[in-house]
Amino acid sequence: MAFDTICVKKIVEELSYSLIGGKIDKVHQPEKDEILLIVRTFGGNYKLVLSASSNNPRVHFTDITKENPKTPPMFCMLLRKHLQGGKIVRISQPDYERIVEIDVESYNELGDLTVKHLITEITGRNSNVILTNSDYKIIDSAKHVDFTVSSFRQILPGAEYLRPPKQDKLSILSDEIYNLSLDFSLDGKMPDQAIMSAVSGISPIIAREIVYSVTKTNSKVCGELTSGEKDSITKITANFAKDMSFFPCIVYDETDKPIDFSCVKIEQYGDSYKSVGFDTMNDVVREFYHQRDSRERIKQKSADLLKILHNNIDRCAKKIAIQNKTLKDAENKEKYKIYGDIVTANLYRIKTGQTKLIAENYYEEGCPEIEIELMPNLTAPKNAQRYYKLYNKLKNAEVEVKKQIISATEDLAYLESTLVACENSTSEADLNMIRQELSQLGYLHARRKNQKEEKVKAKPMHFISSDGFDIYVGKNNTQNDQLTLKFANTGDIWFHTKNIHGSHTIIKLGVDKDVPKTTMMEAAQLAAYYSKARESSQVPVDYTQIKNVKKPNGAKPGMVIYENYNTVYVTPKPMAEQKN
């Protein structure tokens, strides 16, 4: 984990500089394992995230506003009771651990001035946010830990707060680190593993960087190190916290995807990756975790939807394959009618128990002989009737199967477009709208609704082009219908990826009917970005006026047809959404 004790130390220093003396104005809990504090200081207002997420635990400032649940969770209400209006008097890192402790001074119900400790443990899957009184008695926590989970340390209301057990290692921030001795005895062991096994509070990327600074490679095993390299690695590790040159940065790969972050400049990847520096450690952590945490949370919350959609897509695809096979078989239906006619014409020649008939095929030129199988347990007339029944069955099946293929193909197109909308969702509200839509169509069992629960209203994404035009993009099929069929005017311009599932995109013209080429390209890029072709380039996007877009009777949500269109090829590109 890149969020090591050195990172925590820098975060604590930055938080202390900005927040000491500030008052907690508001407390929110947008996620079950995440707390947001709004702190008012003389220097301005700050939003502080305390996350106990198993995958992305962290503490940092943020400028992102998440949707809060309509009914605040109990832990949130308790934090408001004890902390709201309180003054932050101290922020610390106990025992050089990945723990951030915030001391808040506030008045209790009796008017006495008390101190509460708000503790965030950044310890992987065991991360937690815990509130204690001044004597470190637990008031409550984001996650409860009982005897069934841990026999050593319970996190329950009323219990005494104990810090996580220390590892049998030297802390990278302690004074004992100067007496460090590393074990390089195992030949197959990597040098960075030797550091990690002896030192606590240091991330893998830092351990590898220390080795790289000495050997200029990360491919050497311990047995290949010289005695001088071993001494240098040990010395640099022991003095790392004291001598390091602070350079908060994020490491990006060739595709500009953030893969790690650090408090020092990273050079171990050479020219293939790049390290981008930031002003503060808070900036690094905020930038690194924003998209990563958002994607993972949405992925977790959409898992049930994705499973249902994939199952139904597979079912539709198999159904279409079976129907196409039936249609293929029906192409031979005329053969059975001919067999029936030939058997009828030769009834006098067929004897009971006969298994085949060899007769002239008068349907072909020259009347060549043909061999027709017979059922020995049937009379000659019934053998003829058997072939006529096969003919009629395939004839009727051909008509019905063609209808079913059209219906199944429409279902498949709808499900695949819904899958794209689900994968592109950025909030729980988006997912809830997709759930409502699938429930209405019978793909999903409808959930019991709370009487006080308000119906989710469709709000398409809103962008403003560089020329000042409003561009709207639907987030799901229901929004696509509302956007195209109700919201847009007949003269507005409509965009959609060509033969690729994606969102409907609209340029609202207003008074100005002359749309610049720049705005047209930006709208096309958005249509491509919010489609299945997001990761592609040179994506074909069709555009036309709304008056040329129609919805067939009985078509599923989001399904339309259009004519008189043009096509432009663009590379998908996002824009900053306008928050209403």
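This text goes with the structure placed above it.
We now turn to the structure provided with this report. Just so it is clear, the model here is predicted, and its values are computed rather than measured. (Residues numbered from 1 in each chain as written. Predicted model: local features only at pLDDT ≥ 70, side-chain atom pairs only at ≥ 80, totals over all residues. Heavy atoms only, no water.)

## Focus on the overall build of the chain
Alright, step 1. Helices and strands together make up the secondary structure of the chain, namely 13 helices and 24 strands.
Alright, step 2. Projected onto the principal axes, the alpha-carbon positions of the chain cover approximately 110 × 70 × 55 Å.
Alright, step 3. With 580 residues in all, the chain has 46% of them scored as buried.
Alright, step 4. Within the chain, contacts between residues separated by at least 24 positions form 58% of all contacts whose residues are at least 6 apart in sequence.
Alright, step 5. Across the chain, the centroid of the 80 positively charged side chains sits 6 Å from that of the 77 negatively charged ones. (Helix = DSSP H or I, 4+ residues; strand = E, 2+ residues; numbered from the N terminus. Buried < 20%, exposed > 50% of the residue type's maximum accessible area, 1.4 Å probe, protein only. Contact = heavy atoms within 4.5 Å. Lys, Arg positive; Asp, Glu negative; His and termini not counted. Charge placed at Lys NZ, Arg CZ, Asp CG, Glu CD.)

## Some thoughts on the sheet that holds strand E21 (residues 539-545)
Alright, step 1. Read from one edge of the open sheet, six strands run E17-E18-E20-E19-E21-E24, paired in antiparallel fashion. Looking at the sheet topology across the chains shown, the edges are occupied by strand E17 (461-464) and strand E24 (566-570). The mean angle between the axes of side-by-side strands here comes to 25 degrees, regardless of whether they run parallel or antiparallel.
Alright, step 2. Examined bridge by bridge, E21 and E24 share five bridges and lie antiparallel to one another. Bridging across to E24, aspartate 542 finds its partner in threonine 567.
Alright, step 3. Here helix H13 (residues 517-529) sits on the sheet and contacts E17, strand E18 (470-473), strand E19 (493-497), strand E20 (505-508), E21 and E24; the angle it forms with E19, its principal contact strand, is near 40 degrees. (Pairing = 2+ DSSP bridges. Axes fitted to C-alpha atoms, helices over the stretch in contact; angles between N-to-C directions.)

## Side note on the sheet that holds strand E14 (residues 274-277)
Alright, step 1. Pairing within the open sheet is antiparallel, and its three strands lie in the order E13-E12-E14. Each edge of the open sheet carries a strand with a single partner, namely strand E13 (258-262) and E14. The average undirected angle you get between the axes of adjacent strands in this sheet is 30 degrees.
Alright, step 2. Sheet analysis places strand E12 (residues 249-252) next to E13, joined by four bridges and oriented antiparallel. Its bridge partner lying in E13, tyrosine 252 is registered against proline 258.

## A few points about the side chain of arginine 58
Alright, step 1. Note on placement: arginine 58 falls in strand E4 (residues 58-61).
Alright, step 2. For arginine 58, the side chain forms a polar contact with the main-chain oxygen of asparagine 56, separated by 2.6 Å.
Alright, step 3. Within the structure, arginine 58 has its side chain in polar contact with the side chain of histidine 60 (distance 3.1 Å).
Alright, step 4. With residues near it in sequence (within four places) discarded, arginine 58 still touches Phe3, Glu34, Val49, Leu50, Ser51, Ile122, Val285, Tyr289 and Asp293. (Polar contact = N/O pair within 3.5 Å; in protein donor to acceptor, adjacent residues only side chain to side chain.)

## A short note on the environment of proline 557
Alright, step 1. Its location among the elements puts proline 557 in the loop between strand E22 (549-550) and strand E23 (561-562).
Alright, step 2. The exposure class of proline 557 is buried, given its relative accessible area of 18%.
Alright, step 3. With 95 residues separating them along the chain, proline 557 and histidine 462 place their C-alpha atoms 21 Å apart.
Alright, step 4. Each residue touching proline 557, except ones within four places of it in the same chain, is listed here: Tyr414, Glu437, Leu441, Asn477, Thr478, Asp481 and Lys551.

## Side note on the pattern of salt bridges
Alright, step 1. Summed over the entire model, instances satisfying the criterion amount to 26 salt bridges.
Alright, step 2. Note that lysine 220 is salt-bridged to glutamate 229, the shortest N-O span being 3.0 Å.
Alright, step 3. Glutamate 229 sits in the buried class, given a relative accessible area of 14%.
Alright, step 4. Look at the salt bridges and you will find they share partners, linking Glu31, Glu34, Arg58, Lys66 and Lys301 into a network. (Salt bridge = Lys/Arg side-chain N within 4 Å of Asp/Glu carboxyl O.)

## Digging into helix H4 (residues 204-215)
Alright, step 1. Compared with the 16 Å implied by 1.5 Å per residue over twelve residues, the 16 Å span of H4 between its first and last C-alpha is a close match.
Alright, step 2. Three or more residues of H4 are buried, namely Ile205, Ile206, Ala207, Glu209, Ile210, Val211, Tyr212 and Thr215.
Alright, step 3. Here the buried face of H4 lies against helix H3 (191-198), helix H5 (227-238), helix H6 (240-243), E12 and E13.
Alright, step 4. Once H4 ends, the next one or two residues include lysine 216, with phi positive near 60 degrees. (Expected span 1.5 Å × (residues − 1).)

## Concerning the packing of aromatic side chains
Alright, step 1. For the structure shown, the criterion picks out 19 aromatic pairs.
Alright, step 2. In textbook terms, an aromatic cluster arises when at least three aromatic residues are bridged by ring pairs, as seen for Phe3, Phe261, Phe288 and Tyr289.
Alright, step 3. Sitting above the plane of the phenylalanine 246 ring, lysine 10 keeps its charged end 4.6 Å from the centroid.
Alright, step 4. Here the guanidinium or amino end of arginine 386 rests over the ring plane of tyrosine 387, the centre of that ring lying 5.0 Å away. (Phe/Tyr/Trp six-rings, centres within 6.5 Å; stacked < 30°, edge-to-face > 60°. Lys NZ or Arg CZ within 6 Å of the ring centre and 35° of its normal.)

## Side note on the packing of helix H10 (residues 380-423) against helix H11 (residues 428-440)
Alright, step 1. Where H10 contacts H11, the two axes come as close as 10 Å, and the packing angle between them is 160 degrees. In terms of orientation, H10 lies roughly antiparallel with respect to H11. Once H10 is placed against H11, the crossing between them reads as left-handed. On H11, the residues touching Tyr414, Thr418, Ala421 and Cys422 of H10 are Leu431, Ile434, Glu437 and Leu438.
Alright, step 2. Looking at side-chain class alone, the contact of H10 with H11 contains six nonpolar, one polar and one charged residues. (Parallel < 35°, antiparallel > 145°, perpendicular 65-115°, else oblique. Left-handed = near helix turned anticlockwise from the far one by under 90°. Nonpolar A, V, L, I, M, F, W, Y, C, P; charged D, E, K, R; others polar.)

## Let's talk about the packing of H3 against H4
Alright, step 1. Where H3 contacts H4, the two axes come as close as 8 Å, and the packing angle between them is 130 degrees. Relative to H4, H3 is oriented oblique. The chirality of how H3 crosses H4 is right-handed. Contact with H3, carried on its side by Pro191, Asp192, Ile195 and Met196, involves Pro204, Ala207, Arg208, Ile210 and Val211 of H4 and no other residues of that element.
Alright, step 2. Taken together, the residues that form the contact of H3 with H4 break down as seven nonpolar, no polar and two charged.

## Topic: the pairing of E4
Alright, step 1. Burial along E4 is two-sided: Arg58 and His60 facing one way and Val59 and Phe61 facing the other are all buried.
Alright, step 2. In this sheet, E4 lies alongside strand E3 (residues 44-51) in antiparallel orientation, the contact comprising four bridges. Bridge pairing in E4 places serine 51 opposite arginine 58.
Alright, step 3. The turn joining E3 and E4, which pair antiparallel and follow one another in sequence, is formed by six residues.

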